[in-house]
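Observations on the model geometry
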Amino acid sequence: MTLAAGIRLTLLIGPGLPVPAPASVLTAMKSVEIAVSDSERSGFELVFQAGRDPYIAGDSPIVASPQLVAGARVVISATLGVQPVMLMDGIVQETQYDPGTEGGGTYTLRGFDLTAAMDQEERSTTHPAQGPGDIARVILLRYATYGIIPDVVDPLGAERPNPVEWSPIQNGSDYSFLKNLAEQFDHIFTIEPGPLPMTSRAYWGPPPAAGIPRRALTVDMGPATNVSSLNFENAESQAASVQGEVQDRSTNVAIPVVSMPVSARLPLAARPARANPLTARTQRYQVPSARSAGQAFSEAQAQSDAASETVKATGDLDTARYGSVLAPRNIVGLRGAGLTHDGNYRVRDVVHKIKPGQWLQSFTLSREGQVTTVPVVVT
């Protein structure tokens, strides 16, 4: 499918090993929507024109296609100029057919990324003598046949429990367990498609700390403008420090637990919300189970950092004009909105809205406060 000059969409689909979609399927494709996030599972929706042939009895050829069924694997990539970009590797979870009138029906496929395969079976098991990073590696190895390559970063302060004292217990699917385990340490669990078709990177670790900022998003700067809409929200009162106490399991002594006054994440704002004494809150450290003092401090900091991203920017851009693809967990510069809101942000969520001749990206950015820390952003 051609989206614009120099931009083409490629679709592999089918049960088991996906194959290139035939021309009849690509011709019938009305739209593609792909939602990707920095901390949630990614999803997709494919909509096809599904009119029936008035001279042939039976289903619409699209509805009857053996490739377009629940359980089919979907691999979507785009080529910008000569650069291929993987957008989705997932599994169809449901289908919807609207017969319409006078041959105007639609057939819709919806699904999630490869976390869908990790969410099919609920388990009740223990992970003796394994730290959180060890557990993540063991679980992710079960899905090597999907081309999933584990990328696990161990949390600071995490411990390998003595199995005589206790063992981590999993009750639920691999996906839900890995996600909940990550949240305890302000980690994320996501699956990124690529870099090659039929391969993916399963990242379990802290939010990326740094990186070269992507090409700047530009607003209200004449011919340089590449953002069609932009809105900012500052929920400054959500920022919070964390304090409490823990009964250290090794010494049986109650130890005060207090998060650091600043976030452990890469600072992007010169005026962080947590530094505002008029709005900053203090919340109690939530103890999930018995902890050592070191792990308790790590978890308290994670809880505080998770509440630090108070400034949110949302907007839309045209991919052909922007010339690149935004991806969560990256840093992107923003300019043209004024000193308070310009600067670098983390990309949190991107929704790709694709149809013949058009590719729009709706985005959500965030950082821990207002006022830029850099004099200029990458253009």
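Quick caveat, the model's predicted, so the values are computed rather than measured. (Residues numbered from 1 in each chain as written. Predicted model: local features only at pLDDT ≥ 70, side-chain atom pairs only at ≥ 80, totals over all residues. Heavy atoms only, no water.)

1. Here's the deal with the layout of surface pockets
One water molecule sets the probe size; rolling that probe over the atoms shows where empty space is left. The cut-off we apply is this: Residues are said to line a cavity or pocket when one of their atoms sits within 4 Å of a point; the points come from a 1 Å grid over protein atoms alone, cavities being sets where a 1.4 Å probe fits but cannot get out and pockets being open sets with protein on both sides within 12 Å along at least five of seven lines. Grid points are joined across faces, edges and corners, and a volume is the space filled by probe spheres set on the points. Runs of E in the DSSP output that reach at least two residues are strands. Runs of H or I that reach at least four are helices, and both are numbered from the N terminus. Throughout, the ten residues Ala, Val, Leu, Ile, Met, Phe, Trp, Tyr, Cys and Pro are labelled nonpolar, Asp, Glu, Lys and Arg are labelled charged, and all others, Gly among them, are labelled polar.
Considered as a void within the structure, the largest pocket measures approximately 640 Å³ in volume. Along its surface, the largest pocket is lined by 30 residues, and Val85, Met86, Glu192, Pro193 and Ala327 are the ones closest to its centre. Taken together, the elements giving at least two residues each to the lining of the largest pocket come down to β4 (29–37), β7 (83–98), β12 (188–193) and β13 (200–205). The biggest single contributor to the lining of the largest pocket is β7, with five residues. The residue inventory of the lining of the largest pocket, partitioned by class, reads 15 nonpolar, nine polar and six charged.

2. A short note on helix α3 (residues 132–140)
Note the threshold: The buried label applies to any residue whose accessible area, calculated with a 1.4 Å probe on protein chains only, is under 20% of its type's maximum; exposed applies above 50%, and partly exposed to all values in between. Contacts are assigned to residue pairs that have any heavy atoms within 4.5 Å of one another.
In terms of burial, α3 is largely enclosed, as seven of its nine residues are buried. Buried residues of α3: Pro132, Gly133, Asp134, Ile135, Ala136, Ile139 and Leu140, and no others. Against the buried residues of α3 lie α2 (115–118), β10 (148–152), β11 (169–173), α4 (174–183), β12 and β13.

3. Here's the deal with the environment of Arg335
The residue Arg335 is located in strand β21 (residues 331–335) in this model. In this structure the C-alpha to C-alpha distance between Arg335 and Gln93, which are 242 residues apart in sequence, comes to 40 Å. Among all residues touching Arg335, those that are not within four sequence positions of it are Ala216, Leu217, Thr218, Val219, Met221, Ala224, Asp342, Val377 and Thr379.

4. Focus: the environment of Trp166
The topology assignment puts Trp166 in the loop between β10 and β11. Its relative accessible area of 25% is what places Trp166 among the partly exposed residues. Expressed as a C-alpha distance, the spacing of Trp166 and Ala129, which sit 37 residues apart in the sequence, is 8.6 Å.

5. With respect to the nonpolar core
Let me state the cut-off plainly: What we call a nonpolar core is a set of buried Ala, Val, Leu, Ile, Met, Phe, Trp, Tyr and Cys residues that are connected through their side-chain atoms within 4.5 Å.
Counting 45 residues, the largest nonpolar core has Leu46 and Ile76 as the members making the most contacts within it. If we skip the residues at most four places from it in the chain, Ile76 touches Leu9, Thr10, Leu11, Val32, Ile34, Leu46, Val85, Met86, Leu87 and Met88. Counting residues in hydrophobic clusters, the runner-up holds 21 residues, among them Ile91, Leu178, Ile191 and Ala202.

6. Quick word on the sheet that holds strand β16 (residues 240–247)
Put simply, the rule reads: A strand pair is defined by DSSP finding two or more bridges across the two strands. Fitting a line to C-alpha atoms yields each axis, with helices limited to the stretch in contact; the angle taken between N-to-C directions then spans 0 to 180 degrees.
In spatial order, the strands read β17-β16-β19; together these three strands make up an open sheet with mixed pairing. Each edge of the open sheet is held by one strand with a lone partner, namely β17 (254–258) and β19 (281–284). Averaged over all pairs of adjacent strands, the angle between their axes in this sheet comes to 20 degrees, without regard to strand direction. Judged from the four bridges that link them, β16 and β19 form a sheet pairing that is parallel. Across the sheet, Val242 pairs through a bridge with Gln283, a residue of β19.

7. A word on the packing of α3 against α4
The cut-off we apply is this: Angle categories are assigned with fixed cut-offs, so that under 35 degrees is roughly parallel, over 145 is roughly antiparallel, 65 to 115 is roughly perpendicular, and the rest are oblique. In this scheme the crossing of two helices becomes right-handed for a clockwise turn of the near helix relative to the far one and left-handed for an anticlockwise turn of less than a right angle.
Between α3 and α4, the least distance of the axes is 11 Å, while the angle of their chain directions is 155 degrees. Regarding the angle of α3 to α4, the classification is roughly antiparallel. Crossing angle aside, the handedness with which α3 passes α4 is left-handed. Contacts between α3 and α4 involve Pro132, Ile135, Ala136, Ile139 and Leu140 from the first element and Asp174, Phe177, Leu178 and Leu181 from the second. Here the residues of the contact of α3 with α4 sort into eight nonpolar, no polar and one charged.

8. Remarks on the sheet that holds β10
With respect to topology, three strands assemble into an open sheet ordered β10-β13-β12, the strand pairing being mixed. Strands at the two margins of the open sheet, each flanked by one partner only, are β10 and β12. When strand polarity is set aside, the average angle formed by the axes of neighbouring strands in this sheet is 20 degrees. Summarising the sheet, β12 and β13 pair through six bridges and their orientation is antiparallel.

9. Some thoughts on the pattern of salt bridges
Which entries qualify depends on this criterion: A pairing counts as a salt bridge when a side-chain nitrogen of Lys or Arg comes within 4 Å of a carboxyl oxygen of Asp or Glu.
In this structure the tally under the stated criterion is 19 salt bridges. Linking Asp38 and Arg348 is a salt bridge whose minimum nitrogen-to-oxygen distance equals 2.5 Å. Of the two residues, Asp38 is situated in the loop between β4 and β5 (43–49) and Arg348 in strand β22 (residues 343–355); the sequence distance between them amounts to 310 residues. The class of Asp38 is buried, set by a relative accessible area of 10%. We note a salt bridge from Arg201 to Glu192, for which the minimum N-O separation is 2.7 Å.

10. Section: the environment of Thr10
Structurally, Thr10 can be placed in strand β2 (residues 7–14). Look at Thr10 and you get partly exposed, because its relative accessible area is 37%. With 66 residues separating them along the chain, Thr10 and Ile76 place their C-alpha atoms 5.8 Å apart. Each residue touching Thr10, except ones within four places of it in the same chain, is listed here: Val75, Ile76 and Ser77.

11. What to know about the pairing of β22
Of the strand pairs in this sheet, β4 and β22 are connected by six bridges, and their pairing is antiparallel. The partner of Ala35 across the bridge, within β22, is Val351. Examined bridge by bridge, β22 and strand β23 (residues 358–367) share nine bridges and lie antiparallel to one another. Across the sheet, residue Val350 finds its bridge partner in β23, namely Phe363. Connecting β22 to the next strand, β23, in antiparallel fashion are two residues, including Gly357 with a positive phi near 85 degrees.

12. Side note on the pairing of β13
Extensive coverage of β13 is indicated by the burial of five of its six residues. Bridge analysis of β10 against β13 gives five bridges, and the strand direction is parallel. When the bridges of β13 are listed, Val152 appears paired with Trp204. Linking two consecutive strands that pair antiparallel, namely β12 and β13, is a turn of six residues; a positive phi of about 95 degrees is found at Gly194 within it.

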